[in-house]
Amino acid sequence: MLAKRIIPCLDIKDGRTVKGINFVDLIDAGNPVQLAKHYAKAGADELVFLDISATLENRNTTLDMVLHVAEQVDIPFTVGGGISFVEDVDALLKCGADKVSVNSSAIKRPDLINELSKKFGSQCITVAIDAKQIECEWIVYLAGGTIRSELKLFEWAKEVEVRGAGEILFTSMNNDGTKDGFANKALARLSNDLNIPIIASGGAGNIQHFLDVFKDGKADAALAASVFHFGEIEILELKKELKKKNIEMRL
Amino acid sequence: MRVVIIDYGAGNIKSIQFAFKRLGIDAKLSNNPKEILAADKIIFPGVGEASSAMKKLVECKLDKVIPTLKQPVLGICLGMQLLCNYTEEGNSKGLGVFNANVKRFSKDVKVPQIGWNNIKNLKSDLFKNIKDNEYMYLVHSYYAENCNQTIAITNYNIKYASALQHKNFYGVQFHPEKSSKSGAQLLQNFIDL
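In short, a report on the structure. Not measured: the values here are computed from a predicted model.

## As for the nonpolar core
- Judged by nonpolar contacts, the single largest core of 82 residues is most densely connected at A:Leu153, A:Phe170, A:Phe210 and A:Phe228.
- Formed by 35 residues, the second largest nonpolar core is a distinct cluster that contains B:Ile43, B:Tyr156, B:Tyr160 and B:Val172.

## Here's the deal with the interface of chain B and chain A
- Counting from both sides, the interface comprises 29 residues of chain B and, opposite them, 39 residues of chain A.
- Roughly 2600 Å² is buried in total at the junction of chain B and chain A, and carbon and sulfur atoms are behind 52% of that figure.
- Sorting the residues of chain B by area buried against chain A places B:Lys110, B:Ile114 and B:Trp116 first, and these three jointly supply 28% of that buried surface.
- Taken together, the links from chain B to chain A amount to three salt bridges.
- With a shortest N-O distance of 2.4 Å, A:Glu71 and B:Lys21 are connected by a salt bridge.
- Counting across the chain B and chain A interface gives 16 residue pairs in polar contact (both at pLDDT 80 or more).
- With six residues, the single largest contributor to the side of chain B that touches chain A is strand β8 (residues 113-119) of chain B.
- Of the residues contributing to the side of chain B that touches chain A, the split by class is eleven nonpolar, ten polar and eight charged.

## Here we look at the packing of helix α3 (residues 86-94) of chain A against helix α5 (residues 111-120) of chain A
All names here are of chain A.
- Their axes nearest at 10 Å, the elements α3 and α5 cross at an angle of 40°. Between α3 and α5 the crossing geometry is right-handed. Along its contact with α3, which presents Val 86, Val 89, Asp 90 and Leu 93, the element α5 presents Leu 112, Glu 115, Leu 116, Lys 119 and Phe 120.
- A breakdown of the residues in the contact of α3 with α5 according to their chemical character gives six nonpolar, no polar and three charged.

## Things to note about the environment of B:Gln71
All names here are of chain B.
- Relative to the helices and strands, Gln 71 is located in the loop between α4 (62-65) and β4 (73-76).
- Apart from residues no more than four positions distant in its own chain, Gln 71 is found in contact with Ile 36, Leu 37, Ala 39, Asp 40, Ile 42 and Asn 168.
- For Gln 71, the side chain forms a polar contact with the main-chain oxygen of Leu 37, separated by 3.0 Å.

## So, the pattern of salt bridges
Residue and element names in this part refer to chain A.
- One pass over the structure, following the stated rule, counts 22 salt bridges over all chains.
- Residue Asp 45 pairs with Arg 250 through a salt bridge whose shortest N-O separation is 3.0 Å. One end of the pair, Asp 45, is in the loop between α1 (32-42) and β3 (47-51); the other, Arg 250, is in the segment after α10 (235-244), and 205 residues separate them in sequence. For the pair formed by Asp 45 and Arg 250, the shared burial category is buried.
- Salt bridges here are not isolated pairs; linked through shared partners, they connect Arg 5, Glu 46, Lys 99 and Glu 167.

## Here we look at the layout of surface pockets
All names here are of chain A.
- The space that makes up the largest pocket amounts to roughly 920 Å³.
- The set of elements that each furnish at least two residues to the lining of the largest pocket consists of β1 (5-13), β3, β5 (99-102), α4 (104-108), β6 (125-134), β9 (167-172), β11 (221-224) and α9 (226-229).
- The residue makeup of the lining of the largest pocket, split by class, is 15 nonpolar, 18 polar and eight charged.

## Details of α3(A)
All names here are of chain A.
- Every buried residue of α3 is listed here: Val 86, Val 89, Leu 92 and Leu 93. Down the axis of α3, the buried set is contained in an arc of 130°. They therefore lie on one face. Set apart from the buried face of α3 by more than 90 degrees, the exposed residues are Glu 87 and Lys 94.
- Gly 96, located one to two residues past α3, shows a positive phi value of around 110°.

## Considerations on the packing of aromatic side chains
- Summed over the entire model, instances satisfying the criterion amount to eleven aromatic pairs over all chains.
- Taking the centre distance of 5.6 Å and the plane angle of 75° together, the rings of A:Phe182 and A:Phe210 count as edge-to-face. A residue pair is termed long-range when its members are at least 10 positions apart, and A:Phe182 in the loop between β9 and α7 (184-193) and A:Phe210 in helix α8 (residues 207-215) qualify at 28 residues. Across this residue pair, the class does not change: A:Phe182 and A:Phe210 are buried.
- Consider the rings of B:Phe105 and B:Tyr160, whose centres lie 5.6 Å apart with planes at 80°: the pair is edge-to-face. On the criterion of sequence distance, the pair formed by B:Phe105 in the loop between β7 (101-104) and β8 and B:Tyr160 in strand β12 (residues 158-166) is long-range, its members being 55 residues apart.
- Here B:Phe105 falls in the buried class, since its relative accessible area comes to 4%.
- Overall, the relative accessible area of 0% leaves B:Tyr160 in the buried class.
- Between the NZ or CZ atom of A:Arg189 and the centre of the ring of A:Phe154, over which it lies, the distance is 3.8 Å.
- Over the face of the ring belonging to B:Trp116 we find A:Arg250, whose NZ or CZ atom lies 3.7 Å from the ring centre.

Reading the values: the criteria
Residues numbered from 1 in each chain as written. Chains lettered and ligands numbered in written order. Predicted model: local features only at pLDDT ≥ 70, side-chain atom pairs only at ≥ 80, totals over all residues. Heavy atoms only, no water. Core = buried A, V, L, I, M, F, W, Y, C linked by side-chain atoms within 4.5 Å. Buried < 20%, exposed > 50% of the residue type's maximum accessible area, 1.4 Å probe, protein only. Contact = heavy atoms within 4.5 Å. Buried area = accessible area lost by both parts, 1.4 Å probe. Salt bridge = Lys/Arg side-chain N within 4 Å of Asp/Glu carboxyl O. Polar contact = N/O pair within 3.5 Å; in protein donor to acceptor, adjacent residues only side chain to side chain. Helix = DSSP H or I, 4+ residues; strand = E, 2+ residues; numbered from the N terminus. Nonpolar A, V, L, I, M, F, W, Y, C, P; charged D, E, K, R; others polar. Axes fitted to C-alpha atoms, helices over the stretch in contact; angles between N-to-C directions. Left-handed = near helix turned anticlockwise from the far one by under 90°. 1 Å grid on protein atoms, 1.4 Å probe; cavity = no way out; pocket = protein on both sides within 12 Å on 5 of 7 lines; lining within 4 Å. Points joined across faces, edges and corners; volume = space filled by probe spheres on them. Arc of directions from axis to C-beta. Phe/Tyr/Trp six-rings, centres within 6.5 Å; stacked < 30°, edge-to-face > 60°. Lys NZ or Arg CZ within 6 Å of the ring centre and 35° of its normal.

Below, the structure written as structure tokens:
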């Protein structure tokens, strides 16, 4: 059976991991390659790197990083952040990234999704969607959740699928950072409405939350950052616990 | 040991080259029929859309070369699918090495299948030291039908051939270069064939 995936997310700035990551067994936790290797060994099924570098020069540092990750890490990884053109994706895939994720640029110019999936295949195109529930409506945001768009989550998600995305990474801005659990209702609706895999993001705080996101949220994969980076949840232990509760896990 | 990865412009071959490097093997990239024919072991990769990948093979005249190879050949993902008779993707003819057709997953499952799934009923030295039910990483929308050349099956609503073998030709639907230790073991086994 296809296993549910556990995905740590690493924020990268100028080729270095950011957010206070403290691992005692790592000499340099700011080194994304070392951290990626650590997570691969710890049982992560996949990795996501989110590039938050501001300038073009620093994005080239990211390409260099991608090359080193591909060289040393033997599990798949996705790179997102600041991707606007077909050439950006070409460069990342050539350096060894398995998938790319696009967000704001797809909102500004939805044809980008069609172009990317046609050129590289749906399987390597993830569309990331950040949305916030305001009263009863889920509204899509761009630019790292700072700018409100006109789009509604479920309509945009459907459009993204039709345009050829291979997967959706949905972050609930209401849940992100709360450690109160994932947005399971919205996730379950996405999963039912669409026929592509859904990665859940935002709200992971404990093991029960992961169980809920797979059972109630019907997610195909769950992404988290700080609970893994700060060692609050050990990936192997998490996967063992989920397996005990009859969630399909690769152990 | 000369290992050549066929480089015909279809997909992420860097990762395969790196996976061999981790095994201490310097695999060369080439689309030159002479270099390919002179290799001891050949990797036939592929990611992307089948009919356009097939076109690229024809442009390099590799569609004629590949089926005549006598040394061990390992098709990976789309590479394996292109070794089959026919694929529904782009309604494209394959190289006809494997006696199987390639179909699209039904709407009853999420497509593409992305993630780690089990390989079972392992039937080849390619799987030496790999246990039945081991997880491998897969990402695909089309699958090869089960047939008498199947050497591993995977279940995604239907049971399909996740690995095929005919004589010196091997094909795997999963990505050994991305499948952690068991994937590395499979690549080592291929080298040891």
